[in-house]
Amino acid sequence: METNTKTETRQDRRWLGLFAVLTAMILNLLDSTVVNVAAPAIRADLGGSEASLQWTAAGYTLALAAGLLTGGRLGDMFGRRRMMLLGVVGFLLASFACAAAFSPGTLIAARVLQGLFGAVMIPQAFGLIRDLFPPREIGKAFGALGPVIGLSTILGPVVAGTLIDADVLGTGWRMVFLINLPLGAFALLAGRAALPAAPPAPGQRLDLPGSLLAGAGMFLLVHPLVQGHELGWPVWLAAEPAVSLVLLAVFVLRQRRRGRAGETPLVELAVFARRSYTSGVLFVIVFFGSIVGFSLTTGLFLQLGLAYSPMRASLAMSAWAVGAFLGSGFAAGMMARLGRRILHLGLAVMAAGLGAVHLVLGGAGTGVDGWDLALPLLGYGLGMGMIFVPLFDIIMGEIRDHEVGSASGLLESLQQMGASLGVAVLGTVFFSVAGGGAPGVAGFVDASRTVTLISLALTVIAFALAFLLPRRARQAAAVSPQPAASGAPAEREPALV
């Protein structure tokens, strides 16, 4: 009887540890999406330029993208449990700094810190789950990820709109960051009680210069796209992308040299020898750039153009969330039968939704209402949801076992980079058209139509790139409908989608 009680206690602690990991992941997902609704309220309170709105979103994803290349390696060097808990503490402090921000600059700086600590926290999650559960139970644990992560992504804007309109204790938009504190406290306490303290892997070293090169290259690629409109596109700004490419080229050469010298690189460059992975990287950048940029500008259109409250804007976008949820359910049941074809089906439905959005905006003009967009956004979300579930398993279909960890971590980093580029490009186009064309609501309608056409073009490009991906996912590596955010060595990390 005593043995059974001890076994049940250990099992309970395993699930408590899983809840701690899931909560940490929810923190990241919420803070990746809440700004899409909160941005106008933030600007109304703190002031700032149009570019500052873009940096509030892009600063987080850009810092996360750059940091993910290093975060997994830190877990190997110092232990996953220690680094995850450290990441949670830092994320909470940065969240409080976001809520206490007194200017656009201080908020953007705090958002960058959030992204960096998120990059320390998130890569440890998947390895910790493998440490918590034996092989015969790992499927059950990973099976819990899909619904939790999917709902968190979908509900983020709705939660933001509700909290801002509720104005709890007069906090307004600041509550979208303060809500992280009780969530993070649970992750911290449960993690300390239940997560295993596995020893660090021997012989691991951090490539700090490589991390700085990658981060600087990514920043210089996004910076001119965000600031160009505000600064009047000076000539010197055009030099930044060229410098970015040089820095990223040096980063690649450094990784190759470290690999040849027997040192641990941040990125296994051999994965780019596979056409399916290279085309998959391009697909992820285009796809996530389109949907994240379109999401941000849709929220801005509803609030700045139609003068919706945050709550009303989030409700107007809820059809999108419902469609994504339904599409994910459809894909989960059909991905084994359809394989790569489900990506084309989802992209076709997304394209139809975007075409309908463009037609509705053109037909209704300044009389457009959120309900007019409900059905097109439902279709767009439906197609988007079909893609989320099988995407990363299909991209990883030809990756060898010893390359899985590096390939999945790099893919997640480039996904975040694509999101940053989407915010930069589509956000800049939106504000340029809205400010340089017809006045008032008409200008915002024109801006939204233009962004919708660009998103449609990107969706068509993604449709073409999908033909280069493997026809089927490699089921041996497919254990969950989310990508691994890890730079850790492959022998312990699955390809999680």
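As the structure is a prediction and not an experimental result, all values here were calculated from the model.

## Some words on the packing of helix α4 (residues 80-99) against helix α6 (residues 124-132)
Contact geometry of α4 with α6 gives a least axis separation of 10 Å together with a crossing angle of 135°. Taken as axis vectors, α4 and α6 run oblique relative to one another. α4 and α6 meet at a crossing whose hand is left-handed. Contacts between α4 and α6 involve R80, R81, M83 and M84 from the former and Q124, G127, L128 and D131 from the latter. In the contact of α4 with α6, the residues fall into three nonpolar, two polar and three charged.

## Quick look at helix α3 (residues 50-78)
In this model α3 runs 41 Å from its N-terminal to its C-terminal C-alpha over 29 residues, within 8% of the 42 Å that 1.5 Å per residue would give. A maximum bend of about 45° is found in α3 at L68. Burial within α3 is extensive, with 26 of its 29 residues counted as buried. Looking one or two places after α3, you find G79, whose phi comes out positive at around 100°.

## Thoughts on helix α10 (residues 180-194)
Taking 1.5 Å of rise per residue, 15 residues should cover 21 Å, and α10 covers 21 Å from first to last C-alpha, within 8% of that figure. Within α10 the residues assigned to the buried category are N180, G184, A187, A190, G191 and A194. All buried residues of α10 fall inside an arc of 140° around its axis, so they share one side. In α10, the exposed positions that point more than 90 degrees away from the buried face belong to P182, L189 and R192.

## Side note on the nonpolar core
Ranked by size, the top nonpolar core spans 97 residues in total, and within it F177, Y277, F283, F287, F301 and L391 carry the most contacts. Of all the elements, helix α13 (residues 275-305) adds the most residues to this core, at 13 residues. Counting residues in each nonpolar core, the second largest holds 24 residues, with V21, A24, L27 and V88 among its members.

## A closer look at unusual backbone geometry
Here the phi dihedral of D167 falls at roughly 50°; this positive angle occurs in a residue that is not glycine. By secondary structure assignment, the location of D167 is in the loop between α8 (145-166) and α9 (175-178). When its relative accessible area of 38% is taken as the criterion, D167 is described as partly exposed. Positive phi outside glycine occurs at L169, with the angle close to 55°. With respect to the helices, strands and loops of the structure, L169 is situated in the loop between α8 and α9.

## Points about the pattern of salt bridges
Scanning the entire structure with this criterion turns up seven salt bridges. In this structure, D207 and R258 form a salt bridge, with 3.7 Å as the shortest nitrogen-oxygen distance. A residue pair is termed long-range when its members are at least 10 positions apart, and D207 in the loop between α10 and α11 (208-231) and R258 in helix α12 (residues 239-260) qualify at 51 residues. For R258, a relative accessible area of 10% puts it in the buried group. Here R258 and E263 are joined by a salt bridge, their closest N and O atoms 3.9 Å apart. Each of the salt bridges in this network shares a partner with another, and the network as a whole consists of D207, R254, R258 and E263.

## Points about the packing of aromatic side chains
Under the counting rule described, the total for this entry stands at 13 aromatic pairs. On the numbers, 5.7 Å between centres and 75° between planes, the contact of F463 with F467 is edge-to-face. The partly exposed category is assigned to F463, whose relative accessible area is 30%. The exposure class of F467 is partly exposed, given its relative accessible area of 47%.

## Considering the side chain of D31
Along the chain, the position of D31 falls in helix α1 (residues 2-33). By relative accessible area, which is 0% here, D31 ends up buried. If we ignore the near neighbours within four places in the chain, the residues touching D31 are Y60, F91, R111, Q114, F177 and N180.

The rules behind the values
- Residues numbered from 1 in each chain as written.
- Predicted model: local features only at pLDDT ≥ 70, side-chain atom pairs only at ≥ 80, totals over all residues.
- Heavy atoms only, no water.
- Axes fitted to C-alpha atoms, helices over the stretch in contact; angles between N-to-C directions.
- Helix = DSSP H or I, 4+ residues; strand = E, 2+ residues; numbered from the N terminus.
- Parallel < 35°, antiparallel > 145°, perpendicular 65-115°, else oblique.
- Left-handed = near helix turned anticlockwise from the far one by under 90°.
- Contact = heavy atoms within 4.5 Å.
- Nonpolar A, V, L, I, M, F, W, Y, C, P; charged D, E, K, R; others polar.
- Expected span 1.5 Å × (residues − 1).
- Bend = angle between axes of the 7 residues up to and from the residue.
- Buried < 20%, exposed > 50% of the residue type's maximum accessible area, 1.4 Å probe, protein only.
- Arc of directions from axis to C-beta.
- Core = buried A, V, L, I, M, F, W, Y, C linked by side-chain atoms within 4.5 Å.
- Salt bridge = Lys/Arg side-chain N within 4 Å of Asp/Glu carboxyl O.
- Phe/Tyr/Trp six-rings, centres within 6.5 Å; stacked < 30°, edge-to-face > 60°.

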